[in-house]
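# Coordinate inspection notes
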Protein chains: 2
Amino acid sequence: MDVPDWEPRRVAAVAVALPDGVTPAGTRGRILEAALALYAELGFYGTSIRRIADRVGINSATLYAHYQSKEQVLAELVQVGHRELHDRLAAAVGAVPDADGAAAQLAALVRAHVGVHVDYPLLAVVTNSELHALSPEHAAPALELRAACRRMLLDVLARGVKDGEFAVPDLVLAATAIGAMGMHVAQWFGPDQPYGGEQIAETYACLALRIAGAAAR
Amino acid sequence: MDVPDWEPRRVAAVAVALPDGVTPAGTRGRILEAALALYAELGFYGTSIRRIADRVGINSATLYAHYQSKEQVLAELVQVGHRELHDRLAAAVGAVPDADGAAAQLAALVRAHVGVHVDYPLLAVVTNSELHALSPEHAAPALELRAACRRMLLDVLARGVKDGEFAVPDLVLAATAIGAMGMHVAQWFGPDQPYGGEQIAETYACLALRIAGAAAR
DNA sequence: CCTACCGATCGGTAGG
DNA sequence: CCTACCGATCGGTAGG
């Protein structure tokens, strides 16, 4: 792979981080973190196993003592990313009683969605932009989690419409637009811009409520 | 480059198309279109010059009779994509007199933004997702056009706020969210889904007005 | 527009 | 965890 000598910047310069408790111990974990940084920056095809190994400080052949293939390293990252997103969305919407209304649930959902993308921007970029490099078998579990995330958002929107809290021109397009807003944050969030994660989450929750046509502002 | 035998789907199966009048004549144009399809589907690093040449029906060495490098083919696509976006946004906002108000201008801007992404989804994906593979010199002209597009949106939003037509929690975040919505359309728009381009454009214009806090719905 | 070819690098394996 | 190596493929060039 020809690696350019100028540094392409596909993501902001943020710390390499994985969610608590999911980084494997020892070298396997360090390989995963090195791959995370490189896949995010250069893409799966733009990253060689030798470059990953260099970053860890091991020989490239040693990588195969920990992972079956370059693709399996990506598969683990994509799975971790989707799992984290799913669990945090589920926890967010589950923490708001139905009695509080769809607006409160939508706000919680969007705050959590943005939260994942500002807490783990590298992971989010890899999860969203490199999933296509996985074989269908490797991609399938992540696609299921993604569908579940989508359903949570659609369900809250549909409930709000049914209850008269929301009014949207189209349910699916509104959900798609809200999802797009949040995913995009991972591409520019970083220490080189003036917004904090909380502020973005709060603002985007407000914008999502507007998209939903919620009466309250 | 190891090309997978399962077909990764990074974009919907849409026709390969470039804006009117920008496709070079003859083989040079066919190379550009072949590269467009492959860069969109597999990414710049995932695409070999041999695969581009195969699609055109020429020997890979012949590619260099028409372009200086693989990167220069990408540079031309990225430039065309940004140029088309910029010109259509400028035409859209220019066609609405100031007297009609910021809401009318914002709606026109978003309709045009979505329009480009549904008319040329492959070009939009390459333009947005592969720009990082260009050297700074090759990327610079496109980045200028991108900044100009952003300014158009920010200006319309700012004017609406000043005139009391709009009310946003944060100008930059509102513009970023509106931009993200539109860009994302290129990733799923295609013949395999039920929405037409006009319908998406109209709906997204409505959602953008809501984000802007426009009084009218 | 092609044949023939360059050195470099690719993902991955054998064997220890 | 490393040395040594595999065949394949990479972007690009020489020469016609």
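Residues numbered from 1 in each chain as written. Chains lettered and ligands numbered in written order. Predicted model: local features only at pLDDT ≥ 70, side-chain atom pairs only at ≥ 80, totals over all residues. Heavy atoms only, no water.

### Details of the confidence of the model for chain A
With 95% of its residues at a pLDDT of at least 70, chain A reaches an overall mean of 94. Within the model, pLDDT remains below 50 along residues 1-5 of chain A, and this stretch shows eight contacts once partners closer than five positions in the same chain are excluded. (pLDDT = per-residue confidence, 0-100. Contact = heavy atoms within 4.5 Å.)

### As for helix α4 (residues 102-119) of chain A
Residue pairs spaced three or four apart in an α-helix point in one direction, given the helix's 3.6 residues per turn. An ideal rise of 1.5 Å per residue puts 26 Å on 18 residues; α4 of chain A measures up with 25 Å between its terminal C-alpha atoms. Of all the 18 residues making up α4 of chain A, 15 are buried; the element is thus mostly covered by neighbouring parts of the structure. (Helix = DSSP H or I, 4+ residues; strand = E, 2+ residues; numbered from the N terminus. Expected span 1.5 Å × (residues − 1). Buried < 20%, exposed > 50% of the residue type's maximum accessible area, 1.4 Å probe, protein only.)

### A short note on empty space enclosed by the protein
All told, the structure shown has one cavity of 30 Å³ or more when counted by the stated rule. By volume, the largest cavity is sized at about 110 Å³. Considering the residues around the largest cavity, the lining is formed by 16 residues, among which R10, G43 and E130 of chain A together with G43 and E130 of chain B are closest to the centre. Considering only residue class, the lining of the largest cavity consists of six nonpolar, six polar and four charged. (1 Å grid on protein atoms, 1.4 Å probe; cavity = no way out; pocket = protein on both sides within 12 Å on 5 of 7 lines; lining within 4 Å. Points joined across faces, edges and corners; volume = space filled by probe spheres on them. Nonpolar A, V, L, I, M, F, W, Y, C, P; charged D, E, K, R; others polar.)

### A few points about the relation of the copies chain A and chain B
Note on the identical chains: chain A maps onto chain B by a rotation of 180° and an axial translation of 0.0 Å, with an RMSD of 0.0 Å. Here the copies are linked by what is in effect a two-fold axis. Of the interface residues in chain A, 100% have counterparts in chain B that sit at the interface too, so the contact is made through matching surfaces. (Least-squares fit on C-alpha atoms with pLDDT ≥ 70 in both.)

### Some points on the interface of chain A and chain B
Between chain A and chain B, the residue contacts involve 41 residues of the former and 42 residues of the latter. Together, the buried faces of chain A and chain B total about 3300 Å²; carbon and sulfur atoms form 71% of this surface. Remark: the boundary between chain A and chain B carries zero salt bridges. One can count six residue pairs in polar contact (both at pLDDT 80 or more) joining chain A with chain B. (Buried area = accessible area lost by both parts, 1.4 Å probe. Salt bridge = Lys/Arg side-chain N within 4 Å of Asp/Glu carboxyl O. Polar contact = N/O pair within 3.5 Å; in protein donor to acceptor, adjacent residues only side chain to side chain.)

### Comments concerning the UniProt feature "domain: HTH tetR-type" (unreviewed entry) in chain A
Cross-referencing UniProt, the feature "domain: HTH tetR-type" (unreviewed entry) maps to residues 25-85 of chain A in the present numbering. With 67% helix and 0% strand, the stretch residues 25-85 of chain A has end C-alpha atoms that lie 22 Å from each other. (UniProt positions renumbered as here; feature names shortened; annotations may be inferred.)

### Digging into the packing of aromatic side chains
Residues and elements named next belong to chain A. Throughout the structure, instances matching the rule amount to four aromatic pairs over all chains. Taking 5.5 Å as the distance between ring centres and 70° as the angle between the ring planes, the aromatic pair formed by F44 and Y45 counts as edge-to-face. Each member of the pair, F44 together with Y45, is buried. Through successive ring pairs, a cluster of aromatic residues spans Y39, F44 and Y45. Sitting over the face of the ring of F44, K70 holds its NZ or CZ atom 4.4 Å from the ring centroid. (Phe/Tyr/Trp six-rings, centres within 6.5 Å; stacked < 30°, edge-to-face > 60°. Lys NZ or Arg CZ within 6 Å of the ring centre and 35° of its normal.)

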